[in-house]
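Examining the three-dimensional arrangement
The chain contents come next:
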There are 4 protein chains.
Amino acid sequence: MGKREPSIKIGIIGCGYWGPNLVRNFSAVDDCYVKFCCDIDANRLRYIQRLYPFLEVTREYQKIIDSPDVDVIVIATPVSTHFPIAIKALNAGKDVWIEKPMTTSVKEAQILIKEAEKRKRIIFVDHTFIYTGAIRKIKEIIKSNALGRILYFDSVRINLGLFQHDVNVVWDLAPHDLSIMDYLLEKTPVGIYATGVGHYNNDIENIAYLSVKFDSDMLAHFHFNWLAPVKIRQILVCGSEKMILYNDMEPSEKVKVFDRGVTINQKKKENIYQTLVSYRTGDIYSPKIDTKEALSVACEHFIDCVKLRKSPITDGYSGLRVTKMIEASQRSIKKKEHWEPI
Amino acid sequence: MGKREPSIKIGIIGCGYWGPNLVRNFSAVDDCYVKFCCDIDANRLRYIQRLYPFLEVTREYQKIIDSPDVDVIVIATPVSTHFPIAIKALNAGKDVWIEKPMTTSVKEAQILIKEAEKRKRIIFVDHTFIYTGAIRKIKEIIKSNALGRILYFDSVRINLGLFQHDVNVVWDLAPHDLSIMDYLLEKTPVGIYATGVGHYNNDIENIAYLSVKFDSDMLAHFHFNWLAPVKIRQILVCGSEKMILYNDMEPSEKVKVFDRGVTINQKKKENIYQTLVSYRTGDIYSPKIDTKEALSVACEHFIDCVKLRKSPITDGYSGLRVTKMIEASQRSIKKKEHWEPI
Amino acid sequence: MGKREPSIKIGIIGCGYWGPNLVRNFSAVDDCYVKFCCDIDANRLRYIQRLYPFLEVTREYQKIIDSPDVDVIVIATPVSTHFPIAIKALNAGKDVWIEKPMTTSVKEAQILIKEAEKRKRIIFVDHTFIYTGAIRKIKEIIKSNALGRILYFDSVRINLGLFQHDVNVVWDLAPHDLSIMDYLLEKTPVGIYATGVGHYNNDIENIAYLSVKFDSDMLAHFHFNWLAPVKIRQILVCGSEKMILYNDMEPSEKVKVFDRGVTINQKKKENIYQTLVSYRTGDIYSPKIDTKEALSVACEHFIDCVKLRKSPITDGYSGLRVTKMIEASQRSIKKKEHWEPI
Amino acid sequence: MGKREPSIKIGIIGCGYWGPNLVRNFSAVDDCYVKFCCDIDANRLRYIQRLYPFLEVTREYQKIIDSPDVDVIVIATPVSTHFPIAIKALNAGKDVWIEKPMTTSVKEAQILIKEAEKRKRIIFVDHTFIYTGAIRKIKEIIKSNALGRILYFDSVRINLGLFQHDVNVVWDLAPHDLSIMDYLLEKTPVGIYATGVGHYNNDIENIAYLSVKFDSDMLAHFHFNWLAPVKIRQILVCGSEKMILYNDMEPSEKVKVFDRGVTINQKKKENIYQTLVSYRTGDIYSPKIDTKEALSVACEHFIDCVKLRKSPITDGYSGLRVTKMIEASQRSIKKKEHWEPI
């Protein structure tokens, strides 16, 4: 047998809440290993090193970027630092994994994409939900055309906490559901209307509603909320033939496919056109969902893309599309002029 | 003992789906009885007379309005006829009960109110949900100030069917939830933003979302939908101290009061103001709900108001406020210019 | 066209809670009509006649039995009177419909069956649940052999109320679930072990548990309870290939079929036989259920059997088998000697 | 400042599935630390040492028992070895923590208790559920006498998996629910009746039902099942005044207290005693539950008992009482003579 392909070496910048999950999941992927970990908090570094004694740690991320011994940079820092770190990493010829949301603005996302294309580097945006068994199953169902024409997408993600200090509920929660919609429907929205309120800090909305318009009669809507007494994570994808309910809080039946719908007939009767509606209510089906940890699927896919030099599902453009929607929502919330007086 | 107070005589105009319920419930109230029933469909009249042989029936509603033997007119016809029938009834000196929605326009509602005031007649709008045990219990809790400052009101009323031929999903479903909000919060909204789509008939929206703005940081939001695979009827009333979840589909715990909330502290640290959020998660309490049929409570209240010449909870102004919100929603949906481009 | 088949004339004896439902449902079936109604309570008779003016009423049931104008007797009286009325009706040459439970003893049930066979009359026992869409669908699935070998049957029927004065919770509730098991599994049980307690009346158990043994490794178990804080009506039918959960309290997914199970392999390793268990967890499927009222299906089936002189699904033998199980449970509860000391 | 109290040194024997949880939780308790870990599997030892580099590991448990540097032995081995290890540990003067079930027989449990008493050593049996916030809250409610007289205890613990090779479903699951009942009710049962079947191995039951009798009209019942399509973990504790539902699968409302019950009046009417039943249906209340990990509470309580030389809540007698019930169940299942013929 020939020489073994040299392993991909990973440096992780930012080892907060998500850091140990990243180390653990990348460690289980073939053909790669985590070499460096960086955090500005020395205590955090000691903690992570006790968990993973094989790691080299540093408080200066530039060392990781400069190291010829690192192929891939994983950026898990606060969102405001994603752009400066990512641009340096790309400049240094590294592939990058960026936690969600990708950047704080559309402009930053566009610069990163351009830089990556110039240098033939890979950008992966960690829209983890895309890699859950539930969303992959729903994608499969939609691709089979079982739903018919998609009529609407309705998403609710509400809970008590965790209030963020620097970003509002849209920047915090919307990357999940907007990336899910982007992935499942593959449609380009043309406009957004958003309302929201910051009850405790006027600048940081803790509740927001988004309506998203497309170049058709499809409608999408989102409810994001940090201040609800119950935890709801629910998406409806309604087609002309079948309808899907995705309830992430259900332990064993997360995805249900309803054979339900409406048939409309126009009938001419006594010179008047009459609309006859008939309802279809058939079986309900809850497909088996792959329970493999989503982050593990994401890590494998990313390393695969790095090896084969191909674009990941959640590439820079995916991050850009989501950032565009968030930015438009933000503008819409802040403009307060379009209310119809009562 | 003196002479018994003569009974209030009721004439019902329109005996479709709701008609027999009205006859049955008014029949159980003291000091009143249903004397006449009118419907344009002779078969329907035969059916109703077999159920209630004591009723006098007619196909011409004018006869009931003209009859000196009728004190009260109950209008349960299609919404487009509410105004012409009600105005005649008021002219004839009758008190009127009008099914929801009150009228097809704000202007009609205003004329009816003016006419009723001129003639000292009573208008009752049948916002039946106000009279359910659940809503009365929630009102009691809110009145006791247990919720603290009201932060938002979020309502979802979705199901598969029943598509209407003449009115959209807002005119059909919103009277329920808008009248509930109006009753519970007693606040005057200042603006509305609504989006909606008619997937089968461009003019008749089958899905709609409403954001309602007040003269404060309170926000209200509504989701109405005839085309959903599951039936959800759920309202969140979130206060600074406690939060209420009203789930009308629950058989035995329709109302839950959550002792949950957020406390925000501003702390100055190293010359930076830092926001500290702490979460409160206490007991959950599900009060016993009076299970008396709401329509029966409504009928009793109405007859009581007729006897005592007092204004009902759901009077003409209640109907007017709801109609104003529906009309503004309608205008907002039809204007398609306020979308923020993405 | 030939002469129309003369209609089957029905006399109902006992018009309490269930009476109006029987009149209404038989009235909707072709080729039969309800001619007589009997009750010992004159007020009840007046009430029923106002609802159904075409009925002839009487307080003496013998008149109905003697009438040559009645073909079928429906017995909806308290259980202690089922036998004397039914035996007279059979003697008079009538077919009989008997509400559940059929009789107060196995002996009575056997006499009725013998009498009916002698006179070629039909006995129908109203085990209504057999005629629900849910149970018919489950029967269809079991008949298709989709479940594999049946391993166990577990049933829970608990609620607060309605305490009976004359019979215990087994006589009251068990006819439902025992008849369902009898119908679905078509197996003859060989023994029963039951425990129960009457907390408020030592003779009338308000909670009981039944274990039922068969001539195989199949086990059945039942929990009946009038004194539970929540309403549960749930049956598990577990097969070697698939498992069914029937939850009668679910509004829209009453029947769920789980593609779940266990595979056991014996493996010889180092001279020790080792058991290897592997688990199968596949899709879940909730078939569409016919929502037609069960009593209506039962009435149609009964009239069909009367016309064609064939035996109904829930014939006298069905009633006998259920009565045998109840009687054995009763004996087992009262014997208190088989407890294993702790 | 005086001299610090020397720490309690712990040796853990058996580091399978539960081992790392024990190390982690004891490590968080003051005044104690885990010094030794033993397992016969060298790979497992390497794994545990990588997680906790400060541990001394060995494959020979006798070394730990002999070590003067160990005060407390934690036994987390297969149940058949609990007795021989525990007796040696007690002989060596150590306090012992034994995983559930305590021993394989009543006799073994009695010998251990005698030995511990002779040497004034502490036995702790790890009935972890007793230390959950939910069970501690229920205990508090029962102690306050809010439930009134306890009428019955009904428990269901069913799921698909995990089939055990050496013990049946009763030995596997019953220690949880029997210890919960023992703790909550503090009543001594007098007899047990159990039925069960081993569908895949005649000797190892995978489904079992237990009825437990007391010296009163209180009844207890248990359903244990490894072969169910759904996961149910539910206990009803029903009192004459209030009723508790404990649903361990509920994420946020595990304990519900129902103000429900029955009042029975005897009324003499026309020389017949008539029973009048009235039902009470009041509020439902879901108390806040302490979410602290149960094992952590258990570890703290144990170390506290070791320091203060007091008996733990789940002492040897608690383990003995549970073992007695399991042994009686076992005998009852194997005797197959008490079935009432049908």
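Within chain A one finds nine helices and 15 strands. Scaling as 2.2 N^0.38, a compact globule of 342 residues should have a C-alpha radius of gyration of about 20 Å, and chain A matches this with 23 Å. The principal-axis extents of the C-alpha atoms in chain A amount to approximately 85 × 55 × 40 Å. Within chain A, the proportion of its 342 residues that are buried is 49%.

Our focus in this paragraph is the arrangement of the chains. Kept free of each other, chain B and chain C leave a smallest C-alpha distance of 7 Å between them. Between chain A and chain D there is no contact; the minimum C-alpha to C-alpha separation amounts to 7 Å.

On to the interface of chain B and chain A, then. Residue-level contacts link 48 residues of chain B with 48 residues of chain A. Counting residues per element, the side of chain B that touches chain A draws most heavily on strand β11 (residues 227-239) of chain B, which supplies six residues. Considered class by class, the residues forming the side of chain B that touches chain A number 31 nonpolar, eleven polar and six charged. Relative to strand β15 (residues 340-341) of chain B, strand β8 (residues 191-197) of chain A runs antiparallel, the two sharing two bridges. Its bridge partner being in β15 of chain B, I192 of chain A is matched across the sheet by E340 of chain B.

Residues and elements named next belong to chain B. Taken across its six residues, strand β1 (residues 8-13) has five buried, putting it largely inside the fold. Summarising the sheet, β1 and strand β2 (residues 32-38) pair through six bridges and their orientation is parallel. Bridge pairing in β2 places K9 opposite Y33. Read as a crossover between parallel neighbours, the route from β1 over helix α1 (residues 19-27) to β2 is right-handed. In the sheet, β1 pairs with strand β4 (residues 72-75) via four bridges, with the strands oriented parallel. Bridge pairing in β4 places I12 opposite V74.

Counting from both sides, the interface comprises nine residues of chain A and, opposite them, nine residues of chain C. The residue inventory of the side of chain A that touches chain C, partitioned by class, reads three nonpolar, three polar and three charged.

Relative to chain C, chain A is turned by 180° and slid 0.0 Å along the rotation axis, the superposed coordinates differing by an RMSD of 0.0 Å. With respect to symmetry, the two chain copies, as superposed, fit the operation of a two-fold axis. Across chain A, the rotation axis passes nearest the C-alpha of Y285 of chain A, at a separation of 2.3 Å. An overlap of 100% is found between the interface residues of chain A and their copies at the interface of chain C, pointing to a shared contact surface.

With that out of the way, let us pick up the packing of helix α5 (residues 106-118) of chain B against helix α9 (residues 316-334) of chain B. All names here are of chain B. Packing of α5 against α9 brings their axes to within 9 Å, and their N-to-C directions diverge by 170°. In terms of orientation, α5 lies roughly antiparallel with respect to α9. Here α5 runs over α9; the crossing is left-handed. Of the residues in α9, those touching α5 at V106, A109, Q110, L112, I113 and A116 are G316, Y317, G319, L320, T323, K324 and E327.

Moving on: the domain arrangement of chain A. Residue and element names in this part refer to chain A. Per the domain assignment, the segments making up chain A are domain 1 (8-128 + 295-314) and domain 2 (130-291 + 326-334). One C-alpha centre belongs to domain 1, the other to domain 2, and the line joining them spans 30 Å. In this complex, domain 1 contributes twelve residues to the contact, which on the side of domain 2 involves eight residues. Ranked by the residues each element gives to the side of domain 1 that touches domain 2, the list is headed by helix α8 (residues 294-308), at three residues. A breakdown of the residues in the side of domain 1 that touches domain 2 according to their chemical character gives six nonpolar, five polar and one charged.

Moving on, we get to the environment of K100 of chain B. Position of K100 of chain B among the secondary structure elements: in the loop between β5 (95-99) and α5. When neighbours within four sequence positions are excluded, K100 of chain B is seen to be in contact with V125, D126, H127 and P175 of chain B.

With that out of the way, let us pick up the sheet that holds strand β5 (residues 95-99) of chain C. Residue and element names in this part refer to chain C. Overall, parallel pairing links the six strands, which are arranged β3-β2-β1-β4-β5-β6 in an open sheet. Each of the sheet's edge strands pairs with one partner strand only, and the pair in question is β3 (56-58) and β6 (123-126). Within the sheet, the average angular offset between the axes of one strand and its neighbour, ignoring direction, is 20°. Running at roughly 160° to strand β2 (residues 32-38), helix α1 (residues 19-27) makes contact with β1 (8-13), β2 and β4 (72-75) of the sheet.

Calculation rules
- Residues numbered from 1 in each chain as written.
- Chains lettered and ligands numbered in written order.
- Predicted model: local features only at pLDDT ≥ 70, side-chain atom pairs only at ≥ 80, totals over all residues.
- Helix = DSSP H or I, 4+ residues; strand = E, 2+ residues; numbered from the N terminus.
- Rg over C-alpha atoms; globule rule 2.2 N^0.38 Å.
- Buried ≥ 20, exposed ≤ 12 C-beta atoms within 10 Å, placed from the backbone.
- Contact = placed C-beta atoms within 7 Å.
- Nonpolar A, V, L, I, M, F, W, Y, C, P; charged D, E, K, R; others polar.
- Pairing = 2+ DSSP bridges.
- Right-handed = clockwise from strand over helix to strand, strands pointing away.
- Least-squares fit on C-alpha atoms with pLDDT ≥ 70 in both.
- Axes fitted to C-alpha atoms, helices over the stretch in contact; angles between N-to-C directions.
- Parallel < 35°, antiparallel > 145°, perpendicular 65-115°, else oblique.
- Left-handed = near helix turned anticlockwise from the far one by under 90°.
- Domains from an automatic or database assignment.

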